[in-house]
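Secondary and tertiary structure notes
Take a look at the letters that make up each chain.
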Amino acid sequence: MPRAATKPTKREMERRSRAMQRGGRRPGESAASAEQLRLVEAHAARGVTAIVAAPTSFEIVNTAYGRAAGDQLVEAMAERLARELAGHEMAAVRGGATFTIVVAGDAATGDAAVSRVERALERPFTIDGETIHVGARIGVARMTEDEPAEHLLRRAAEALARARASDGATTRVAAEHEGVPLAALAADLHRAIERGEIDVRFQPQVRLVDSAVTGVEALARWQHPRLGVLGAETLLAAAHRADLGVALSDQVQALALERAARWPARMAELRIAVNVTAADMARVPFVERFLARVRASGVGYDRVTAEVTETGLIDDLDGAATSLTALRAAGCRVALDDFGTGYSSLSYLTRLPLDYLKIDRSLVQTITGDARDRVVVEGVIAIAAGLGLETVAEGVESERERALLAQRGCTFYQGFLWAGPLDDAALQARLA
């Protein structure tokens, strides 16, 4: 029988809380701390569970309540997690607002720890007299036989990425075999690009004031010969593992623009949004290469939007601003994607040349919650309007969400309420 964990002393509790409050790694890194390595080595036979948890709207808290309140919130989260997990043998570190926790014990013990993390983060926090609801996405991985700690944490981080991309589940558990197929998919991706297996789908963007479809976002798909259609989440993870992010981005951008150029006359005014990554912008000469690709497709610059994910800009904000200014000068527009999911994106709104602010679906879904949740969404829309930016709400699934967004002045929405990602034929049929 597994032995019961001894109750930690007050000093041990304080040490755990400090460990969670330290910025032990940059968000997204999967290197284990020394303490986590020791725990995994000592308890591999008993079982180990890795938990990676992140708030769904941390940056919006900074926007609504100030950065000091955001820092206090992270500290409060760390303290609460340390209390909730006091009965478990565990080691934890924090990177940004993301908590990486390793728990010793069998599957039942791991499940209990996950439940405690869920309960800890779903309850509101009181910061400077304000009640703040954050919500969380959680990735979980069970240690397999002889699995290195870094691999275990990477699977948990990938499960968190899937939870963030999910329209429903807030917690995702990585299957034991998930790490192996991703490595295999990375190898397959080299051939996939050469064989033309990468495809695109188009998700309509709808103007809220009159329900007119004014544009689409191009989303990558992989027509895998054995596994069928794989979505953008899996494709991007494989590209990251294979170091093929730039090659994939080139392929998807070119394909999306070529398809848009062939649309019939009734769709000739639709805007086409393509994703641009930090790696794209870091490759000189990015601007000339991007504009040449648009020009070669025959699509006018004024129909193209470059969608940039906020987390990709942190390392070189000034360089990104220069590149995006050049794109806008040529006639393209620029959108900041997934606003509300990063750690320090508020500064981007004033330092980057933007046209659109895309509100992440995890934040959009809170608009049907209580009054405080709605205030945060309203604040984002108001800030965007004050800066002269139009807003695009992502992941809209219900008529109530659409109506509330319209009432609060949001400009556009996309989501399954109108349509999911469509191929060319389905898109043309819907717009007929």
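Our subject in this report is the structure included herewith. Being a predicted model, the structure only gives us computed values, none of them experimental. (Residues numbered from 1 in each chain as written. Predicted model: local features only at pLDDT ≥ 70, side-chain atom pairs only at ≥ 80, totals over all residues. Heavy atoms only, no water.)

Helix and strand counts for the protein stand at 17 helices and 16 strands. Looking at the protein residue by residue over its 432 residues, the buried ones come to 51%. Residue pairs at least 24 apart in sequence account for 71% of intrachain contacts in the protein once pairs closer than 6 positions are excluded. Carbon and sulfur atoms form 51% of the exposed surface of the protein, whose accessible area is close to 18,600 Å². (Helix = DSSP H or I, 4+ residues; strand = E, 2+ residues; numbered from the N terminus. Buried < 20%, exposed > 50% of the residue type's maximum accessible area, 1.4 Å probe, protein only. Contact = heavy atoms within 4.5 Å. Areas by Shrake-Rupley, 256 points an atom, 1.4 Å probe, with all protein chains shown as cover.)

Within the structure shown, the criterion is met by three aromatic pairs. Here the aromatic rings of Phe-286 and Phe-290 are separated by 5.9 Å at their centres, their planes lie at 40 degrees, and the arrangement is tilted. Here Phe-286 and its partner Phe-290 are both found in helix 11 (residues 286–297), four residues apart, which amounts to about one turn of the helix. Among the residues examined, Phe-286 registers a relative accessible area of 8% and is labelled buried. With relative accessibility at 2%, the residue Phe-290 sits in the buried group. Geometrically, the ring pair formed by Tyr-356 and Phe-412 is edge-to-face, given 6.2 Å between the ring centres and 70 degrees between the ring planes. Of the two residues, Tyr-356 sits in strand 14 (residues 356–359) while Phe-412 sits in strand 16 (residues 412–413), which places them 56 residues apart along the sequence. Given the relative accessible area of 7%, Tyr-356 is considered buried. Exposure remark for Phe-412: the relative accessible area of 10% places this residue in the buried category. Over the face of the ring belonging to Phe-125 we find Arg-80, whose NZ or CZ atom lies 3.8 Å from the ring centre. We note Arg-430 situated over the ring of Trp-418; from NZ or CZ to the ring centre the distance is 4.0 Å. (Phe/Tyr/Trp six-rings, centres within 6.5 Å; stacked < 30°, edge-to-face > 60°. Lys NZ or Arg CZ within 6 Å of the ring centre and 35° of its normal.)

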